[in-house]
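What the coordinates show
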Amino acid sequence: MLSKETIAKTDIVIVGAGFAGLYMTKRVVDDGFSVDTIEAGHDIGGTWYWNRYPGARCDIESVEYSYQFSDEVQQEWQWSERYASQAEILNYINFVADKFSLRKFVRLGIRVESATFNQKDSSWFVGLSTGESIICQYFILAVGNLSKPFIPEVEGRSKYSGITLHTARWPKSGIDFADKRVGVIGTGSSGVQCIPVIAEKARRLTVFQRTPTFTVPAGNKPIDPVWLEKFKLGYGEFRERNKEMLGGFSASYPPNEQSALAISEKERLSVYEKRWNEIGGLLFMQSFSDLLLDEAANHTAAEFIRNKIKQVVSNDEISSLLSPEGPVGCKRLCVDTNYYATYNKSNVSLVDVSGRHSIKMDEDGIIYGSSYYPLDLVVFATGFDAITGSILSINIIGEDGITLKKKWENGPLSFLGACTADFPNMFSICGPGNPSVLSNMVSTIEHHVDWIADCLKYAKSSGYRMIQATRTAETEWMAEADKRVRDTLFYNCNSWYLGANIPSKPRKFIPYLGFSDYLARCNDISSRGYPGLLFE
Ligand code: NAP
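Throughout what follows, the structure given in this document is the object of discussion. (Residues numbered from 1 in each chain as written. Predicted model: local features only at pLDDT ≥ 70, side-chain atom pairs only at ≥ 80, totals over all residues. Heavy atoms only, no water.)

1. Some details on helix α15 (residues 471-486)
- Given a rise of 1.5 Å per residue, 16 residues ought to cover 22 Å, and the 22 Å separating the end C-alpha atoms of α15 matches this to within 8%.
- Along α15, the positions that sit buried rather than exposed are A473, E474, W477, M478, A481 and V485. The buried residues of α15 all sit within an arc of 125° when viewed along its axis, so they share a single face. Counted as exposed and oriented over 90 degrees from the buried face of α15: R471, E476 and K483. (Helix = DSSP H or I, 4+ residues; strand = E, 2+ residues; numbered from the N terminus. Expected span 1.5 Å × (residues − 1). Buried < 20%, exposed > 50% of the residue type's maximum accessible area, 1.4 Å probe, protein only. Arc of directions from axis to C-beta.)

2. Description of the sheet that holds strand β16 (residues 377-380)
- Strand order in the open sheet formed by five strands is β7-β16-β8-β9-β12, and the pairing between neighbours is parallel. Only two strands of the sheet have a single partner each, and these edge strands are β7 (163-166) and β12 (348-352). Here the strands of the sheet are splayed against their neighbours by 20° on average, with no regard to which way each runs.
- Looking at chain direction, strand β9 (residues 204-209) and β12 are connected through five bridges and run parallel. Looking at the pairing, L205 lines up with V348 of β12. (Pairing = 2+ DSSP bridges. Axes fitted to C-alpha atoms, helices over the stretch in contact; angles between N-to-C directions.)

3. Examining the site of the ligand
- Taken together, 22 residues surround the ligand, and among them S190, R210, T211, K331 and R332 come closest.
- One of the backbone nitrogen or oxygen atoms of S189 is found 2.9 Å away from an oxygen atom of the ligand.
- In the model, an oxygen atom of the ligand is placed 3.0 Å from a nitrogen or oxygen of the R332 side chain.
- Protein contact buries 85% of the 910 Å² of open area that the ligand shows by itself.
- If you tally residues by element for the shell around the ligand, the top one is helix α5 (residues 189-201), at three residues. (Near = heavy atom within 4 Å. Polar contact = N/O pair within 3.5 Å; in protein donor to acceptor, adjacent residues only side chain to side chain. Areas by Shrake-Rupley, 256 points an atom, 1.4 Å probe, with all protein chains shown as cover.)

4. What about the packing of helix α1 (residues 19-30) against helix α14 (residues 441-462)?
- Contact geometry of α1 with α14 gives a least axis separation of 9 Å together with a crossing angle of 30°. Taken as a pair, α1 and α14 cross one another with a handedness that is right-handed. Touching F19, A20, Y23, M24, R27 and V28 of α1 are V442, I445, E446, V449, D450, I452, A453, D454, L456 and K457, all from α14.
- Across the contact of α1 with α14, the residue classes break down as eleven nonpolar, no polar and five charged. (Left-handed = near helix turned anticlockwise from the far one by under 90°. Contact = heavy atoms within 4.5 Å. Nonpolar A, V, L, I, M, F, W, Y, C, P; charged D, E, K, R; others polar.)

See the structure below:
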């Protein structure tokens, strides 16, 4: 164990021990590198360690939201529900870490605060929250895309005497809502998941909604073990088919290639009904091929959901407040269990905070305009500074003293979401310009880790000590990523994909749309000896 202010040396420092950091650790250890993996949490798991709020579960099916590098793991692990809960995913991550003895490489409860590149020997000097430093050749960020919680400025918040929580910083011991008056601010995926569960327990739940959200029922259910056994016989082939999919998942329910406008209204509604009732979840957006390309097509889907809200919510005024304007899918679609029906409960109320006022707080509750809401507990389900937020929380200094913050002040630049010029030997797993949040994160992480690890192996075997992206490669890559969404509806709303939820964040679409195309681009680049990267 290192003592305070010790300087240690290792080949690689990995920041984060979630899905990405753990698999990266395994790969580089297998490839003969020494590694220190540094994790801020007091245990491994990343997103699934931090997001313990009631109702937290994945909205990609469990048989897909899991590693595929080991068929033994795939065959051994038994998922119990179609969409796994946070607790089950965390158990799975622990199972994998134990199976491959990864814990011994991870140091917990420590934050990486800074990383400075040393041009003399192409190494990184990594500063930890303990006061220690590590010198390494490669600095790898596995910090997660949605891991820097965002809490908006709320006047009077420090005066509030009740409990405040962010969904992504939930106490391990849980919260007892019985007899409590609870307020939830925010109705994105986290709000949509926790609101129905809190409503079951709390004396009174008040939801503060600024923008209503589109959400589709998950259709979650227990997994039939007989079905699972049969499914596992074709696991490898299923994973291969997923590589052909836009988001790297959903091979079991392939997208409908038809336009929403090419058929009669009756036929269209029956397609939506099937997706809503039988398939459920994110795959609703694959009801037709043009839902994210054509406003008129998208309108038919948005109307379908608005009608569902009307049917489910008994109070017309609440139903209308819950009805979002289009386009659907421009902000990330939410997936729920009983979300809209929750507003029929007598202990639940909805407050529209979309007007000219901002939410304020005092000792005992929330003030909005002339209305006052006394509360025992306030939950901020207010999201994240996505993708770049957690990377830029570290003070990263590259060649000639340039900081990453400065370099990315007008928006991130990255080649393949992996590397950025002026910051040699630094890699980000699923950084800006990677399919990441638009895809099945675990498959994308796994692919990206393999690609980065292969690149390090190539450099090692060829005797190179320094790898970095060229300026041309990163500029062209980000332009390609942007071009892919310019003709879609992704620019038609203020989403976190664009950084629009964070005051003063540059408005740039950050991820790369299209997992299958991304794989092809990466394979092509590595097979041609990595054009776009400089090796020295
Ligand atoms: P989010 O989608 O960014 O939602 C944040 C919510 O907080 C929005 O409703 C936003 O309203 C509201 N808000 C922010 N500032 C506010 C303010 N000052 N006053 C009132 N309301 C305010 O965050 P999230 O729900 O945590 O989800 C983020 C992403 O995490 C998801 O899109 C998804 O990718 C991932 N996630 C996935 C799952 C899952 O797998 N099921 C679960 C949770 C999260 P506006 O819309 O008006 O800004």
